[in-house]
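Summary of structural features
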Amino acid sequence: MTNTYYEFFCPVKVIAGKAALEHIPYELNGLAARRPMIVTDKGVRAAGLLDPVITACEESGLDIISIYDDVPPDSSTDVVGTIAAIYRKEKCDSIIAVGGGSAIDTGKAVNILVSEGGDDVAKYTGAGVLKRALKPFFVVPTTAGTGSEVTSIAVITDEAKGVKLPFTSSFLLPNAAIIDPRMTLTLPPHVTAATAMDAMTHAIESFTCMAKNPLSDAYATAAVKKVSQSLLQVMDNPKDSLGRLELAQASTMAGIAFSNSMVGLVHSLGHATGAICHLPHGLCMSLYLPYVLEFNLETIREPLGELLLYLEGPEVYAATPASRRAEASISALRILRDALYKRCKLPRTLKETGKVTEDQLDQIAGMAINDGSIMFNPKEVSLKDARAVLQRAWA
């Protein structure tokens, strides 16, 4: 399964490590930006995570002109319009998104409106609509999972129509992603676990799906190794800032991997389950991962077996016969999920979520089959197949 032709693109500058936040003013300066607006949510502000960002800017003589801290968990076109109006009124010239996937997606969409004009963001949906660079845009992730800081995609809900609008353009990519371990130190255990497993799933799907390529493979395997080595350590010692940095870097690497090589059935099922049962994305990823790998097993035996090296280390890899490595990889993931369940009750089956009923499985299967990610799954998936995987994931 080698692609004779592929494209790889990641123009986002990554600024990572201790005191990475203090570099924001220098980056803004380099783009002649003087009046940044911060886009974030209530939880991030309440946790005190904006303080170092604001302090760094003020010490460099930059004024944070405006802070919008009311981004909802599922951002909407109305919110985007509201923020864009404030941005214009306050004559801001750049955006710093601080938060998880929703705040980052919102920042991307606001940037479309303030750069392109108008107040209807819906007319910029789809691919290839944007034709030129947007305003300076920086992202400070506060979870280590979505990888949104290095992806060219945003999803915003149109509440009036009840649909999710996808935006995709290389112009949505931030000018820089700032990865600072201080931003994830206060993440609660269940969020730490779910977001790390989101990154793990991005990495494993991008390494086993149709559009994999040598460059995305390098990022994917590095991400798998970092999550494998650091996740349980961080769960047991939440203030471990080096471990937190490892997980944050893994999330960014997995984001680079999957935005270049796509994802598969885990994401299709996860998107559908999120839409129908309102479960967090990372939780769905962790839940479906082993069941989908078992479904794909015969098609992905070689790459999945290779992942054992990054999941379990060289000794286990060398001691496992080549013909058993793919199964051993799945079993390593199951053991990791059991360990997370023990620590924070991260569900391993649909039943354990308490939010899914068995009679919803047909609806989830139907929606998953029409999800774009399924095109890149290494094995053809019929409605019956999707339903069978859901049945296995049920209990």
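Heads up: the structure comes first, above all this text.
The rules we used
Residues numbered from 1 in each chain as written. Predicted model: local features only at pLDDT ≥ 70, side-chain atom pairs only at ≥ 80, totals over all residues. Heavy atoms only, no water. Phe/Tyr/Trp six-rings, centres within 6.5 Å; stacked < 30°, edge-to-face > 60°. Helix = DSSP H or I, 4+ residues; strand = E, 2+ residues; numbered from the N terminus. Buried < 20%, exposed > 50% of the residue type's maximum accessible area, 1.4 Å probe, protein only. Lys NZ or Arg CZ within 6 Å of the ring centre and 35° of its normal. Arc of directions from axis to C-beta. Pairing = 2+ DSSP bridges. Contact = heavy atoms within 4.5 Å. Axes fitted to C-alpha atoms, helices over the stretch in contact; angles between N-to-C directions. Core = buried A, V, L, I, M, F, W, Y, C linked by side-chain atoms within 4.5 Å.

**Details of the packing of aromatic side chains**
Overall, the coordinates contain 1 aromatic pair when judged by the stated rule. Their ring planes at 20 degrees and their centres at 5.6 Å tell us that F8 and Y219 sit as a pair that is stacked. You can see F8 sitting in the segment before β1 (13-16) and its partner Y219 sitting in helix α7 (residues 214-236), a full 211 residues away along the chain. Taking the relative accessible area as the measure of exposure, F8 reaches 25% and is therefore partly exposed. Just above the ring of F207 sits the side chain of K212; from NZ or CZ to the centre is 3.7 Å. It is K379 that lies over the ring of F295; its NZ or CZ is 4.0 Å from the centre.

**Some remarks on helix α15 (residues 361-369)**
An α-helical turn contains 3.6 residues, so any two residues separated by three or four positions project in the same direction. Among all positions in α15, only L361, I364, A365 and A368 are buried. The buried residues of α15 occupy an angular sector of 100 degrees when projected down its axis, which confines them to one face.

**Topic: the sheet that holds strand β7 (residues 153-158)**
Pairing within the open sheet is mixed, and its 3 strands lie in the order β5-β8-β7. The sheet is open, and its two edges are formed by β5 (126-127) and β7, each paired on a single side. Taken together, the 6 bridges between β7 and strand β8 (residues 163-168) define a ladder with antiparallel strand orientation. Its bridge partner being in β8, T157 is matched across the sheet by K164. The sheet contacts of helix α5 (residues 101-116) involve β7 and β8, and relative to β7 the element is tilted by about 85 degrees.

**Some remarks on the nonpolar core**
In a soluble, globular protein the nonpolar side chains are often hidden away together inside. Residues M200, L231, Y288, L350 and I364 are the most contacted members of the largest nonpolar core, which totals 72 residues. No other element matches the 13 residues that helix α10 (residues 281-306) contributes to this core. Leaving out residues up to four positions away in the same chain, I364 has contacts with L269, A272, T273, I276, C277, Y288, V356 and L390. Residues M37, I95, L130 and L172 belong to the second largest nonpolar core, which totals 29 residues.

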